[in-house]
Amino acid sequence: MAMMSPNGGHIAIVGASESSRIGVVPDMSMIQLHADAARLALEDAGLTPADVDGIATAETQVIEVAAMLGIRPRWMDGTTIGGCSFLAHVRHAAAAIATGQADVVLITHGESGRSWVGMPNYSMNPRGPDGQFEQPFGAITPYSLFTLPALAFLEARGMSQRDLAEVVVAQREWAIPNERAQRRSAVTVDEVLAGPRVAYPFTRDMCCVVTDGGGALVLVSAERARDLPSRDRAVYLLGSGEACESVLVSQMDDLTSFGSFRRASAEAFATAGVGHADIDHAMFYDAFAHLPLYMLEDTGFVSFGESGGFFADGHTRPGGRLPVNTQGGGMSYSHSGMYGMFAIQESMRQLRGEAVVQVPGIETSFVQGVGGLFWSAASLILSNRQP
Amino acid sequence: MSIGPIPEPTPETLAFWQGTAAGELRIQRCRACENFYFYPRPFCPKCNSDEVEWQPVSGKAQLASYIINYRPYEDFQTEEPQIIALVTLAEGPRMCTNIVGVAPDPDQLPLGLALQVAFEPRGEQFLPVFKPARS
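Residues numbered from 1 in each chain as written. Chains lettered and ligands numbered in written order. Predicted model: local features only at pLDDT ≥ 70, side-chain atom pairs only at ≥ 80, totals over all residues. Heavy atoms only, no water.

A. Broad picture of the nonpolar core. Core analysis: the largest hydrophobic core is formed by 140 residues, its most contacted members being Ile107, Leu217 and Leu219 of chain A together with Ile99 of chain B. The residues touching Leu219 of chain A, leaving out its near neighbours within four places in the chain, are Ile11, Ala12, Ile13, Val90, Ala93, Ala94, Ile97, Asp103, Val104, Val105 and Ile107 of chain A. (Core = buried A, V, L, I, M, F, W, Y, C linked by side-chain atoms within 4.5 Å. Buried < 20%, exposed > 50% of the residue type's maximum accessible area, 1.4 Å probe, protein only. Contact = heavy atoms within 4.5 Å.)

B. Quick peek at the interface of chain A and chain B. Taken residue by residue, the interface counts 39 residues in chain A and 38 residues in chain B. Between chain A and chain B, the buried area comes to about 3300 Å², and carbon and sulfur atoms account for 64% of it. On the chain A side of the interface with chain B, the three residues burying the most area are Phe133, Phe137 and Tyr200 of chain A, jointly 24% of the side's total. Linking chain A to chain B there are 1 salt bridge. Between Glu8 of chain B and Arg127 of chain A there is a salt bridge, with its nearest N and O atoms 2.9 Å apart. There are 14 residue pairs in polar contact (both at pLDDT 80 or more) connecting chain A and chain B. For the side of chain A that touches chain B, the secondary structure elements donating two or more residues are helix H4 (129–133), helix H5 (150–157) and strand E5 (197–200) of chain A. Tallied by class, the residues present in the side of chain A that touches chain B amount to 24 nonpolar, 9 polar and 6 charged. In the sheet, E5 of chain A pairs with strand E4 (residues 60–69) of chain B via 2 bridges, with the strands oriented antiparallel. Across the sheet, the residue bridging to Tyr200 of chain A is Ile68 of chain B, located in E4 of chain B. (Buried area = accessible area lost by both parts, 1.4 Å probe. Salt bridge = Lys/Arg side-chain N within 4 Å of Asp/Glu carboxyl O. Polar contact = N/O pair within 3.5 Å; in protein donor to acceptor, adjacent residues only side chain to side chain. Helix = DSSP H or I, 4+ residues; strand = E, 2+ residues; numbered from the N terminus. Nonpolar A, V, L, I, M, F, W, Y, C, P; charged D, E, K, R; others polar. Pairing = 2+ DSSP bridges.)

C. Representation of the packing of aromatic side chains within the structure. Within the structure shown, the criterion is met by 21 aromatic pairs over all chains. Taking 5.7 Å as the distance between ring centres and 10 degrees as the angle between the ring planes, the aromatic pair formed by Phe133 of chain A and Trp17 of chain B counts as stacked. Of this pair, Phe133 of chain A sits in helix H4 while Trp17 of chain B sits in helix H1 (residues 14–21), which puts the two residues in different chains. Per residue, the accessibility class of Phe133 of chain A equals that of Trp17 of chain B, and both read buried. Each residue in the set Phe146, Phe153, Phe202, Phe258, Phe261, Phe288, Tyr294 and Phe374 of chain A is aromatic and connected to the rest through ring pairs, giving one cluster. Taking the ring centre of Phe153 of chain A as reference, the NZ or CZ of Arg157 of chain A above it sits at 3.7 Å. One residue, Arg197 of chain A, lies across the ring of Tyr70 of chain B, its end atom 3.9 Å from the ring centre. (Phe/Tyr/Trp six-rings, centres within 6.5 Å; stacked < 30°, edge-to-face > 60°. Lys NZ or Arg CZ within 6 Å of the ring centre and 35° of its normal.)

Take it as geometry only, folks, not as evidence of what the structure does.
Pasting the structure below:
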């Protein structure tokens with residue numbers, strides 16, 4: 001088989017689905033959320049588990065997912081770099097398909113993040129770098145660790161806590177009509193600021209929801225996609241990137257700009273061969289309200305210090321020039337602990353014209369993921385048109 | 001006995017924790033590129049040299065960023081807000097720590113605030129925490 005590029009539209013996502021239910025799903029275990037989403041995504045593609053010869057997932061053992069579905073893979077990827085793992089899996093799967101190591105790759109996510117059914121026990125490791133140099137100080141939970149650099153970011157730009165609240169308000173607008181979203185009430189900046197205190201400068205609504213849920217994707221070559229019943233809904237991978245930095249937030253190269261966002265997104269744009277002006281829609285992984293601000297600037301959509309105003313002025317809202325987090329994002333829609341799969345799923349729906357709040361006439365979507373607590377990043381550029 | 005997670009030194013980090021127990025903040029410096037670095041590793045992360053040494057440092061630092069955690073982790077068995085901070089040592093490296101000796105009030109915690117290290121017992125270890133420096 002001739003080698004092809006994993007980028008440039010040679011690989012297609014032909015199946016995509018979230019689990020049948022998300023939110024609070026105590027009657028489904030973690031592995032069942034994987035399987036439920038996987039079967040729906042394969043059905044969406046017009047394929048069955050017997051067609052799958054490549055499989056990828058994060059945190060959960062690939063073997064466990066494959067065994068559950070009766071898959072005997074010849075290619076596996078268990079890359080676990082936090083919640084953006086699934087973006088990296090798309091990139092890795094594309095490379096596998098392009099080089100003939102797999103023909104049909106299934107990527108699954110499942111997490112009982114809210115009900116904690118069938119999930120592994122969480123335990124700290126007091127001998128690790130984090131166990132010695134972060135956790136003893138109380139920097140343990142995402143809201144007490146991921147949030148740490150935010151004040152430095154805001155101060156460097158002359159921005160404030162209000163800019164965090166503006167992100168919440170802008171994204172909530174997308175969630176209001178979406179019945180699968182967890183938080184659907186309209187809010188004002190003052191209401192967000194007056195909400196329950198979690199970790200200054202973060203109030204409750206600036207932090208993601210915690211949910212149960214899963215999602216899955218099916219990838220094949222663009223050539224194979226043409227023979228599938230899902231061919232008219234295929235979405236193509238234009239470009240991708242990935243990067244990492246440190247597992248200690250204190251050791252970020254720069255507290256006010258995340259190098260991994262810059263490097264992963266630069267590679268995605270370079271491999272896609274498109275510019276920012278070509279992007280019609282974006283998903284910015286928002287575990288907390290400061291992340292879309294970092295991402296908007298670090299991925300080059302706006303200049304230093306312009307992210308707050310971009311959200312406040314409505315450019316990311318319905319009708320805006322760059323619709324962002326159009327199902328409500330991790331702070332309003334759903335966040336199982338690893339949100340990356342949900343960001344990709346919304347890009348798929350938008351590019352297929354099947355979103356709850358559909359952005360009209362879009363061709364390209366940019367997905368920026370983050371992994372762990374400022375540990376890693378991955379980026380995808382997707383299109384509903386093959387270049 | 002203080003409550004909260006207790007760090008367990010490894011061979012690479014033992015000198016750091018021996019230092020805090022002796023009332024000293026010791027970090028590593030590379031003899032080749034003269035870079036101070038943290039967290040402890042037996043080689044320089046900047047230039048990869050093995051020629052590294054432990055040095056007691058001043059304990060002076062500046063407040064780089066922080067949060068006030070109103071929901072402390074259950075292990076701490078407290079509901080008192082914790083100031084969890086990133087501080088930049090005078091010698092350059094950044095550390096995660098707690099700010100003590102000041103109210104958990106943003107008005108008392110301007111970024112850039114001058115700090116001085118102190119040591120608090122936690123199990124068999126002593127944690128480096130920081131308090132506002134006396135002017």
